[in-house]
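# Close look at the chain arrangement
Single-letter residue listing:
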Amino acid sequence: MNEKENEYYFVARYVVGTLNTDDLVNYANYKLNNGTFSEGLLNIVDAEPKCWEVVSSTFEKLIAPLPSFEDSVYLIIRFHLKIIASKEIDPFEQFSSLLSDLKYFDFHKNITKYVGDNVGLEMLYGLYYAVDDLEPNDNYGVTEIAVQMQEESKKWLQEH
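Residues numbered from 1 in each chain as written. Predicted model: local features only at pLDDT ≥ 70, side-chain atom pairs only at ≥ 80, totals over all residues. Heavy atoms only, no water.

Under the annotation held in an unreviewed UniProt entry, the protein chain carries the name DUF2247 family protein and is attributed to Pseudoalteromonas luteoviolacea.

## Quick word on the domain arrangement of the protein chain
Quick note on the threshold: Domain boundaries shown here were taken from an automatic or database domain assignment. Residue contacts are counted whenever heavy atoms from the two residues lie within 4.5 Å of one another. Defined here as a combined quantity, buried area equals the accessible surface (1.4 Å probe) lost by two parts on assembly, summed across both. Should a side-chain nitrogen of Lys or Arg be within 4 Å of a carboxyl oxygen of Asp or Glu, the pair is scored as a salt bridge. Basically, the charged four are Asp, Glu, Lys and Arg, the nonpolar ten are Ala, Val, Leu, Ile, Met, Phe, Trp, Tyr, Cys and Pro, and anything else, Gly included, counts as polar.
On domain assignment, one finds that the protein chain holds domain 1 (3–63) and domain 2 (69–159). Look at where the C-alpha atoms of domain 1 and domain 2 centre, and you get two points 28 Å apart. Contacts between the two partners involve 10 residues from domain 1 and, on the opposite side, 12 residues from domain 2. Summing both sides of the interface, domain 1 and domain 2 together bury roughly 950 Å²; the carbon and sulfur share of this comes to 69%. Counting every contact that joins domain 1 to domain 2 gives two salt bridges. Between Lys-82 and Glu-5 there is a salt bridge whose closest N-O contact spans 2.5 Å. Looking at side-chain class alone, the side of domain 1 that touches domain 2 contains five nonpolar, three polar and two charged residues.

## So, the environment of Val-54
The test is simple: Helix and strand labels come from DSSP, where a helix needs a run of H or I of at least four residues and a strand needs a run of E of at least two; each type is numbered from the N terminus. Each residue is placed in one exposure class: buried if its accessible area under a 1.4 Å probe, protein chains only, is under 20% of its type's maximum, exposed if it is over 50%, and partly exposed if it falls in between.
With respect to the helices and strands, the residue Val-54 is situated in helix H4 (residues 52–63). For Val-54, a relative accessible area of 31% translates into the label partly exposed.

## Regarding helix H3 (residues 39–46)
Here is the rule we go by: Each C-beta atom gives one direction from the helix axis, and the arc is the one those directions make.
Taken together, the buried positions of H3 are occupied by Gly-40, Leu-41, Ile-44 and Val-45. Relative to the axis of H3, the buried residues are bounded by an arc of 135° and lie together on one face. Residues Glu-39 and Asp-46 are exposed on H3 and point more than 90 degrees away from its buried face. The elements touched by buried residues of H3 are helix H2 (21–33) and H4.

## What to know about the pattern of salt bridges
On inspection of all chains with the given rule, the structure shows five salt bridges. Between Glu-48 and Lys-50 there is a salt bridge, with its nearest N and O atoms 3.6 Å apart. With a closest N to O distance of 3.4 Å, Glu-151 and Lys-154 form a salt bridge. One end of the pair, Glu-151, and the other, Lys-154, are both in helix H8 (residues 139–159), three residues apart, so they sit about a helical turn from each other. What makes Glu-151 partly exposed here is its relative accessible area of 41%.

## A word on the nonpolar core
The criterion, for reference: We define the nonpolar core as a collection of buried residues of types Ala, Val, Leu, Ile, Met, Phe, Trp, Tyr and Cys that are connected through side-chain atoms lying within 4.5 Å of one another.
Counting residues in hydrophobic clusters, the biggest one holds 27 residues, and the most contacted among them are Ile-77, Phe-95, Leu-98, Phe-107 and Leu-121. When contributions to this core are tallied by element, the ones reaching two or more residues are helix H1 (3–16), helix H5 (69–85), helix H6 (91–101), helix H7 (122–130) and H8. Of all the elements, H5 adds the most residues to this core, at seven residues. Of the domains in this structure, domain 1 (3–63) and domain 2 (69–159) are the two that each give at least three residues to this core. The next biggest cluster of nonpolar side chains, apart from the first, holds 15 residues, and it includes Ala-28, Ile-44, Ala-47 and Ile-63.

Laid out in structure tokens, this is it:
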């Protein structure tokens, strides 16, 4: 992923509520150490006390306007599925990270038939949990599901 995509992903994680105060302080330090200077970044690093109320309000001023919760959910999904589709990492680990990033998103709300169909992830969600139905040490089955997850990720990216 490029720097801009990583930045959007970070902001999306902020919007959906999966970052903490340390994440914001580390972000500000990273930006400052890599040549981006702003009073807002300095205010985050120098904030006392380093608590969510102080740091997050400064971060929001720095990033404004923030994307909507829904846009952030789709951005996070796209970020993870690009990685799965590119075969850069184990799709199970990456999908687990996606679920962790979206722990405050309700995959059951407004579904039509299957869990995750509210954002088009029903097949990937099912494949992710299909491993539980395999026999122990069924490496072939795990590999087949991983390939299907990569294909479904490509399909999702084309459709959304």
